[in-house]
Amino acid sequence: MLLPEPTGALSAQVIDALRAPATTGSFPSGPSSYDGDCLHDADFQLALWVLYELHYRGFDDCDEEWEWHPGAFACRAVLERVFVDALRAAGPVPETSPDAPLHERIEALVEAVPGADLARFMQREATLEQYREYLKIKSVYHLKESDPQSFVLARLRGVPKVRLAELQYDEYGSGRPDRLHQTLFARTLVEAGLDDTYGVYLQHAPATTLAVNNATSLFALHRRFRGAAMGHLAAFESTSSIPCRRIAQGMRRIGLSERAAEYFDEHVEADAVHEQLALRDICGVLGDDEPELVADILFGAFVCCHLEALDGAGLVTAWREGRSALRDAADLVGAA
Amino acid sequence: MTAVPEAVGHDVEIVLCGENRPALVRGADVVRDQDGTEHPVTRPVVGVCMCGRSQRAPWCDGTHKFIKRSS
C-alpha cells in the first residue's frame, strides 16, 4: 500500500517525514503535550497506525529503514505513552474474584463490559450499504488478521507457545492457502463488490477502529505487554463465535452470497475452539507460569472489550441516525 | 451434557473444558456423532458440541453460552 493521506497536523508530520529517505530525514518528536481524547482522535490514531504499519507490510513509497529508525521510535513512544494512559484511564478493569481460575475471571470480565450489540444490528437491521461500510472498516484489521499475535509467539514458552501456534496455524489456513482467514475476508470483500487490496479502505476507518487496531499492535509489539496481548486475544476470541453467526445471518438476509458469508461461518466454529485455547491453555497457563502478568492479561481483555464496544457503538449510532459511519463521509459529501 | 465424542485418527487427544463447553479434539481424522454419522476433521483441533444445542453439530458454535449454568 501507499502512505495514506493525513487527516490532521500530527499525521501530516509523521507521513511527510516518512516520505523522505531514512538516512537523511530527521523525524518529528511527537506532541510535547496532549490533552485530547486520543481514542476519538483520528489524526492521532492514524499517525500511530502508520508507525505500526512499518512493522507489518510497510508502504511502497516509504524507505524500509524507517522501521528501526531511532527518530521514528522516539515519536512512536511519545504517542504510545498517551495511548496507554488513555487505555488505563478507560478502566477500571471490572473486579473479578482473585480466587477463581484465570479463564473464569476473563469470562466474567467479558460479560461485565457492556457491548455495543453491533452484531445484532447487522443481523436484523443493516442494509446492503451499511454492510459494505462495515466490511470496508473491518478490512483494516481482517486483511492482516492474526498477524499481530504472531509477534508474540517468540516471547512465550511451553504450553502457551504451543497453543498459540496451534491457533495461528488455524488462522493461517491449516496449511491451505485458500483457507487463510485473511484470504477468506478478501473473498468476502470481492463478493460484496468491494476492493480487496490491503489497506485500501484505511481512509474510511473511524478513529475508534484505528484505536482497536493500534491497541492490538501496541500489545503485540512490546514484550512487556505479552500478557495484555494474550488477554486481548482471549477476549477477542470469546466474543467472536456468536457475533459472527449473527453477521453471517444478516448477510444472507440482505442477499449477499454464501461465499461472502463463508468468512463469518468459518469463525463461528474456529473461534469457539480458539476461545477455549486462548482462555485456558494460553492465558490460564501463562498466568500460572508468570503470576505477575495476571493483571495485564485482565487489562488486555478489558481493552479489547472496551474498544470494540466504543467502535461498535460509533457505527450503530451513525447508522441509526441515518449517517454514514465512514470517517471521511463528510469529505466525500463535500466533494460531491 | 452429551457423551464424550468418538474420534478416529492417529494419536487422538480429547480435552473436556467443563459443563456444556466443547470437547477439544486433536489428532482426529473423523468425529463420529451419536447417530454414527462420520464428520471429517479439517482443522488441527476441533471443538465438539457437548451441550447438544449447536446449530452446526457436531461442532461447537458457542450456543452453550445461552444455557444457564447449573452451578
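See the structure printed just above.
Here the structure is a predicted model, which means the values were calculated and not measured.

Draft legend 1. The arrangement of the overall build of chain B in detail. For chain B, the helix and strand inventory stands at zero helices and six strands. A compact globule built from 71 residues would reach a C-alpha radius of gyration of about 11 Å, and chain B, at 12 Å, matches this within 12%. If you line up chain B on its principal axes, its C-alpha atoms span 35 × 20 × 20 Å. Looking at the 71 residues of chain B, the share that counts as buried comes to 38%. Restricting to contacts in chain B with at least 6 residues of sequence separation, those with at least 24 account for 29%.

Draft legend 2. Region of the structure containing the sheet that holds strand β4 (residues 30-32) of chain B. Residue and element names in this part refer to chain B. Sheet architecture is open: three strands sit in the order β1-β4-β5, paired in antiparallel fashion. In the strand order of this sheet, the two ends are held by β1 (6-8) and β5 (38-40), each with one partner. The average undirected angle you get between the axes of adjacent strands in this sheet is 25 degrees. Summarising the sheet, β1 and β4 pair through three bridges and their orientation is antiparallel. By the bridge assignment for β4, Val 8 is matched with Val 30.

Draft legend 3. Representation of unusual backbone geometry in the model. Cis geometry marks the peptide bond from A:Gly91 to A:Pro92; its omega dihedral reads 10 degrees. Tracing the chain through its elements places A:Pro92 in the loop between α3 (70-89) and α4 (102-112). Looking along the chain, the bond that leaves B:Ala57 and enters B:Pro58 is cis, with omega of 10 degrees. Examined against the element boundaries, B:Pro58 turns out to sit in the segment after β6 (45-48). Look at B:Asp11: it is not a glycine, yet its phi comes out positive at around 55 degrees.

Draft legend 4. Expanded view of the sheet that holds strand β3 (residues 23-26) of chain B. The sheet built from three strands is open, its strands ordered β2-β3-β6 (chain B) with antiparallel pairing. Of all strands in the sheet, those bounded by a partner on one side alone are β2 (13-16) and β6 of chain B. This sheet shows a mean twist of 25 degrees between the axes of neighbouring strands, independent of strand direction. Sheet analysis places β2(B) next to β3(B), joined by four bridges and oriented antiparallel. What sits directly across from B:Glu13, in β3(B), is B:Arg26. Seen against the sheet, helix α13 (residues 258-289) of chain A touches β3 and β6 of chain B and runs at an angle of roughly 100 degrees to β6(B).

Draft legend 5. Structural view of the interface of chain B and chain A. Across the contact, 16 residues belong to chain B and 14 residues belong to chain A. Of the residues that constitute the side of chain B that touches chain A, the class distribution is eight nonpolar, three polar and five charged.

Draft legend 6. Fine view of the environment of A:Ala165. Assignment of secondary structure puts A:Ala165 in helix α8 (residues 158-171). When the C-alpha positions of A:Ala165 and A:Met251 are compared, they lie 31 Å apart, and in sequence the two are 86 residues distant.

Draft legend 7. Highlighting helix α12 (residues 241-253) of chain A. Residue and element names in this part refer to chain A. Between the first and last C-alpha of α12 there are 19 Å, a value that for 13 residues agrees with the 18 Å anticipated at 1.5 Å per step. In this structure, the buried side of α12 is in contact with α5 (118-124), α6 (128-142) and α13. One or two residues past the end of α12 sits Gly 255, with phi positive at roughly 90 degrees.

Draft legend 8. Expanded view of the packing of helix α11 (residues 226-238) of chain A against helix α14 (residues 294-320) of chain A. All names here are of chain A. One way to put it is that α11 packs onto α14 with a least axis distance of 6 Å and a crossing angle of 45 degrees. By the angle class used here, α11 and α14 are oblique. Note on packing geometry: the crossing formed by α11 with α14 is right-handed. Contact residues: Gly 227, Ala 228, Ala 229, Met 230, Gly 231, His 232, Ala 234, Ala 235 and Phe 236 in α11; Asp 296, Ile 297, Leu 298, Phe 299, Gly 300, Ala 301, Val 303, Cys 304 and Cys 305 in α14. Tallied by class, the residues present in the contact of α11 with α14 amount to 13 nonpolar, four polar and one charged.

Draft legend 9. Focus on the packing of α6(A) against helix α10 (residues 207-221) of chain A. Residues and elements named next belong to chain A. Axis separation between α6 and α10 bottoms out at 10 Å; the angle between their running directions is 15 degrees. In terms of orientation, α6 and α10 fall into the roughly parallel class. By crossing handedness, the relation of α6 to α10 is classed as right-handed. Here α6 contributes Ile 137, Val 140 and Tyr 141 to the contact with α10, which in turn contributes Thr 209, Val 212 and Asn 213. Its residues placed into classes, the contact of α6 with α10 shows four nonpolar, two polar and no charged.

Draft legend 10. Just the nonpolar core, in detail. Residue and element names in this part refer to chain A. If you look at the biggest cluster of nonpolar residues, it comprises 116 residues, and the most contacted ones within it are Ile 106, Met 230, Ala 234, Cys 283 and Ala 301. With 14 residues, α13 is the largest single contributor of residues to this core. Contact partners of Ile 106, with chain neighbours within four places excluded, come to Gly 231, Ala 234, Ala 235, Leu 279, Cys 283, Leu 298 and Ala 301.

Definitions and cut-offs
Residues numbered from 1 in each chain as written. Chains lettered and ligands numbered in written order. Predicted model: local features only at pLDDT ≥ 70, side-chain atom pairs only at ≥ 80, totals over all residues. Helix = DSSP H or I, 4+ residues; strand = E, 2+ residues; numbered from the N terminus. Rg over C-alpha atoms; globule rule 2.2 N^0.38 Å. Buried ≥ 20, exposed ≤ 12 C-beta atoms within 10 Å, placed from the backbone. Contact = placed C-beta atoms within 7 Å. Pairing = 2+ DSSP bridges. Axes fitted to C-alpha atoms, helices over the stretch in contact; angles between N-to-C directions. Nonpolar A, V, L, I, M, F, W, Y, C, P; charged D, E, K, R; others polar. Expected span 1.5 Å × (residues − 1). Parallel < 35°, antiparallel > 145°, perpendicular 65-115°, else oblique. Left-handed = near helix turned anticlockwise from the far one by under 90°. Core = buried A, V, L, I, M, F, W, Y, C linked by C-beta atoms within 7 Å.

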